[in-house]
Amino acid sequence: MNSYGTPSIEIRAFKPVSVIKIGWIAPENWLAAQTRIRVLRVNKCLRSMGYQSFIVQDAQEIIDKNYDIAIIGKSFDESSYNSIKLLKQHNKKVICDICEDVIGWPWVNEILRDSDKIVCCSYKLEEKVKTVNMNTIVIEDAFEI
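Residues numbered from 1 in each chain as written. Predicted model: local features only at pLDDT ≥ 70, side-chain atom pairs only at ≥ 80, totals over all residues. Heavy atoms only, no water.

## Some thoughts on the overall build of the protein
On a plain count of helices and strands, the protein comes out with five helices and six strands. Across the protein, helices and strands are ordered from the amino to the carboxyl terminus as β-α-β-α-β-α-β-α-β-α-β. Across the 145 residues of the protein, 37% fall into the buried class. Long-range pairs, those at least 24 residues apart, make up 56% of the contacts in the protein between residues at least 6 apart in sequence. Accessible surface computed for the protein: about 9,200 Å², of which carbon and sulfur atoms make up 54%. (Helix = DSSP H or I, 4+ residues; strand = E, 2+ residues; numbered from the N terminus. Buried < 20%, exposed > 50% of the residue type's maximum accessible area, 1.4 Å probe, protein only. Contact = heavy atoms within 4.5 Å. Areas by Shrake-Rupley, 256 points an atom, 1.4 Å probe, with all protein chains shown as cover.)

Listed below in structure tokens is the structure:
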């Protein structure tokens, strides 16, 4: 009963939290605004779906804090490639988020090839990525002709 003597009932809904921990490897000083916006949006979306999703500094943090999945793709270089190899040695799933056509640049094909899944920003980019890794999905926030 409430303070007026009216019978009442309280209903609370809780979204279950997934046991899966996702870590986005993103540098502290991001250069491209579109990259920051994409990471923040997808991170927010994953959290709203109940995943434990956090932005982290590097692969070692993924390992030390026992994350299940690492999302990479903010830089494509030898260091990023070595991070993937380290993550795989520790049985972590690696997802590469790619939001620009950098196919053929140094280290890109190796990074795409060794990632468990590739998330593309457009269907046109997905077509190009599939020449390197067929395990793709599109979270569209770009359109290409």
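Back to the write-up after that little detour.
## Description of the packing of aromatic side chains
Taken as a whole, this structure holds two aromatic pairs when the rule is applied. Measuring from centroid to centroid gives 6.2 Å for Phe54 and Tyr67, while their planes differ by 80°, and the two rings are edge-to-face. On the criterion of sequence distance, the pair formed by Phe54 in strand 2 (residues 52–56) and Tyr67 in the loop between helix 2 (59–64) and strand 3 (69–72) is long-range, its members being 13 residues apart. Judged by its relative accessible area of 33%, Phe54 is partly exposed. Classification of Tyr67 as buried rests on a relative accessible area of 5%. Stacked on the ring of Tyr67, the Lys or Arg Lys21 has its end atom at 4.6 Å from the ring centre. (Phe/Tyr/Trp six-rings, centres within 6.5 Å; stacked < 30°, edge-to-face > 60°. Lys NZ or Arg CZ within 6 Å of the ring centre and 35° of its normal.)

## Section: the pattern of salt bridges
Two side chains of opposite charge can pair, provided their charged atoms sit close to one another. Per the counting criterion, the structure on display carries four salt bridges. With a closest N to O distance of 2.7 Å, Asp101 and Lys128 form a salt bridge. Here Asp101, found in the loop between strand 4 (93–98) and helix 4 (108–114), pairs with Lys128, found in helix 5 (residues 123–129); they are 27 residues apart in sequence, far enough to count as distant. With a relative accessible area of 35%, Asp101 lands in the partly exposed category. Among the salt bridges present, the one from Arg113 reaches Asp114, with a minimum N-O distance of 3.1 Å. We classify Arg113 as partly exposed; its relative accessible area is 46%. Relative accessible area serves as the criterion here: at 22%, Asp114 is assigned to the partly exposed category. (Salt bridge = Lys/Arg side-chain N within 4 Å of Asp/Glu carboxyl O.)

## Some remarks on the nonpolar core
Residues Ile25, Leu87 and Ile98 are the most contacted members of the largest nonpolar core, which totals 25 residues. Taken together, the elements giving at least two residues each to this core come down to helix 2, strand 3, helix 3 (78–89), strand 4, helix 4, strand 5 (117–120) and helix 5. Residues contacting Ile25, with those up to four places away along its chain left out, are Val56, Gln57, Asp58, Ala59, Ile62, Ala70, Ile71, Ile72, Lys74 and Leu87. Listed in part, the nine residues of the second largest apolar core include Ile22, Val42, Ile69 and Ile71. (Core = buried A, V, L, I, M, F, W, Y, C linked by side-chain atoms within 4.5 Å.)

## Description of the environment of Met49
Position of Met49 relative to the elements: it lies in the loop between helix 1 (33–48) and strand 2. Judged by relative accessible area, Met49 falls into the partly exposed class, the value being 47%. Considered as a pair, Met49 and Ser18 are 31 residues apart in the sequence and their alpha carbons are 8.5 Å apart.

## Some remarks on helix 3
Taking 1.5 Å per residue, 12 residues should reach 16 Å; helix 3 reaches 17 Å between its end C-alpha atoms and fits that length. Among all positions of helix 3, only Ser80, Tyr81, Ile84 and Leu87 are buried. Taken down its axis, helix 3 places every buried residue within 120° of arc, on the same side. Pointing more than 90 degrees away from the buried face of helix 3 are the exposed residues Ser79 and Gln89. Each element contacted by the buried residues of helix 3 is listed here: strand 1 (21–25), helix 2, strand 3, strand 4 and helix 4. Asn91 sits one or two residues past helix 3 and shows a positive phi near 60°. (Expected span 1.5 Å × (residues − 1). Arc of directions from axis to C-beta.)

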